[in-house]
Amino acid sequence: MRASGEQHTIAAADYTATVTEVGATLRELRHSGRELVVGFGAEEMRPAFRGAVLAPWPNRIGDGSYEFGGRSHQLALSEPDRHNALHGLVAWSSWSLVERDDSRVVLGYRLFPQAGYPFLLELTASYELSADGLHCTIAAVNGGDTDAPYGCAPHPYLVAGSGRVDDWSLELPASQYLQVTPDRLLPRGLADVAETEFDFRTARQIDTTFLDHAFTGLAPEADGTVRARVRTAEGSGVEMRWDASCPWVQVHTADRPEPAHSRIGLAVEPMTCPPDAFNSGTDLIVLAPGERHEASWAYAAI
């Protein structure tokens, strides 16, 4: 048995992708052989959250504690050094195959009630390739008999081409970013990107800028889709696009202490809600019993 479980490889046009059993993870995505995301080996345990599905919350919950439905809840501190609950409950879970053909795979997971999250969710992760890229949808159905708090996101690291993050440009149509505490990366309040190092509304080189921030105030293009683009100096790259189901996006320059792994991909994570939404309530999805929610995004080569 491989460390990331069963491997599901799909292909269409000039794209190939592999999704793993563990975390419904996007392990690799290529176009004409060129890597579009930072992947990992088929026999390797997934490094951190690289390519995983984040649910039933993305990002952080401060102290792992929140109140919902008149009750206090305490989650395990999965980011102990910052005393936070990080990236949900399903990133290391075994997802089952629901359906698959040459260009599409759907995985499912039943999240049972547990300490800190006493709610029942039926989750599906769909990946489908076509000539215009990889289309992904995360769906959640509240299978319980009480309302449930919910949010989701993916966690890919985009690769523009040769070089590192510093060498690439970023175009991100976001007018606001979420200021965070330096030690725990918890929200302090919104600020305008204008005249700051966080303004990428016009494409520019990332250079040495450090990013691990949530952005909002996203401006869609004429078709209603928000697009983030990462390019090399030569113009090749990768685009990520999403709809109004994700009014937030986390961007991280993947700074690591190990030189070989630091800033080798740019994390672009469309999110249904901001960090610590279980406490702030900002854009928090509340699923009524039987209610279904979907969030979608896509990747394409440039």
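Our subject is the structure that appears above.
A quick note: this is a predicted structure, and the numbers were derived from the prediction, not measured.

A. View of the side chain of glutamate 21. Secondary-structure assignment places glutamate 21 in the loop between strand 2 (15–20) and strand 3 (26–31). Nearest to the buried, unbridged glutamate 21 among oppositely charged side chains is arginine 2, at 10 Å. Look past the residues within four positions of glutamate 21 in its chain and what remains in contact with it is Met1, Ser4, Gly5, Glu6, Ser93, Ser94 and Trp95.

B. Quick peek at the sheet that holds strand 13 (residues 133–142). A sheet is described by the order of its strands in space; here nine strands give the open sequence 10-11-12-13-27-23-22-17-20, paired in antiparallel fashion. One side of each edge strand has no neighbouring strand; the edge strands of this open sheet are strand 10 (96–100) and strand 20 (204–205). The pairing of strand 13 with strand 27 (residues 292–301) spans eight bridges and is antiparallel. For leucine 134, the partnering residue across the bridge sits in strand 27 and is tyrosine 299.

C. Spatial organisation of empty space enclosed by the protein. In this structure the tally under the stated criterion is one cavity of 30 Å³ or more. Around the largest cavity, the lining residues are Leu26, Gly51, Ala52, Val53, Tyr127, Cys136, Ile138, Pro154, His155, Pro156, Trp297 and Tyr299. For the lining of the largest cavity, the secondary structure elements donating two or more residues are strand 13 and strand 27. Here the residues of the lining of the largest cavity are counted per class, giving 10 nonpolar, two polar and no charged.

D. Representation of the side chain of arginine 27 in the model. Locating arginine 27 in the fold gives a position in strand 3. Side-chain polar atoms of arginine 27 contact the backbone oxygen of phenylalanine 40, separated by 2.7 Å. Beyond its immediate chain neighbours, meaning those up to four positions away, arginine 27 contacts Ser4, Gln7, Thr18, Thr20, Val38, Gly39, Phe40, Gly41 and Ala42.

E. Quick look at the sheet that holds strand 19 (residues 187–192). Read from one edge of the open sheet, six strands run 16-25-24-21-18-19, paired in antiparallel fashion. In the strand order of this sheet, the two ends are held by strand 16 (157–158) and strand 19, each with one partner. Examined bridge by bridge, strand 21 (residues 212–218) and strand 24 (residues 248–252) share four bridges and lie antiparallel to one another. Across the sheet, the residue bridging to phenylalanine 215 is valine 249, located in strand 24.

F. Examining the nonpolar core more closely. Residues Leu29, Tyr127, Tyr150, Leu172, Phe215, Trp242 and Tyr299 are the most contacted members of the largest nonpolar core, which totals 79 residues. A total of five residues in this core trace back to one element, the largest contributor, which is strand 12 (residues 121–130). For leucine 29, the residues in contact, after removing those within four places along its chain, are Tyr15, Thr16, Ala17, Arg34, Glu35, Leu36, Val37, Leu129, Leu134 and Tyr299. By size, the runner-up hydrophobic cluster in this structure holds 10 residues, among which are Leu54, Leu86, Ala91 and Ala153.

G. Molecular detail of the layout of surface pockets. A volume near 680 Å³ is recorded for the largest pocket. What lines the largest pocket is a set of 27 residues, among which Ala48, Tyr157, His252, Asp255 and Arg256 lie closest to the centre. Across the lining of the largest pocket, the residue classes break down as 11 nonpolar, six polar and 10 charged.

Reading the values: rules and limits
- Residues numbered from 1 in each chain as written.
- Predicted model: local features only at pLDDT ≥ 70, side-chain atom pairs only at ≥ 80, totals over all residues.
- Heavy atoms only, no water.
- Helix = DSSP H or I, 4+ residues; strand = E, 2+ residues; numbered from the N terminus.
- Buried < 20%, exposed > 50% of the residue type's maximum accessible area, 1.4 Å probe, protein only.
- Lys, Arg positive; Asp, Glu negative; His and termini not counted.
- Salt bridge = Lys/Arg side-chain N within 4 Å of Asp/Glu carboxyl O.
- Contact = heavy atoms within 4.5 Å.
- Pairing = 2+ DSSP bridges.
- 1 Å grid on protein atoms, 1.4 Å probe; cavity = no way out; pocket = protein on both sides within 12 Å on 5 of 7 lines; lining within 4 Å.
- Points joined across faces, edges and corners; volume = space filled by probe spheres on them.
- Nonpolar A, V, L, I, M, F, W, Y, C, P; charged D, E, K, R; others polar.
- Polar contact = N/O pair within 3.5 Å; in protein donor to acceptor, adjacent residues only side chain to side chain.
- Core = buried A, V, L, I, M, F, W, Y, C linked by side-chain atoms within 4.5 Å.

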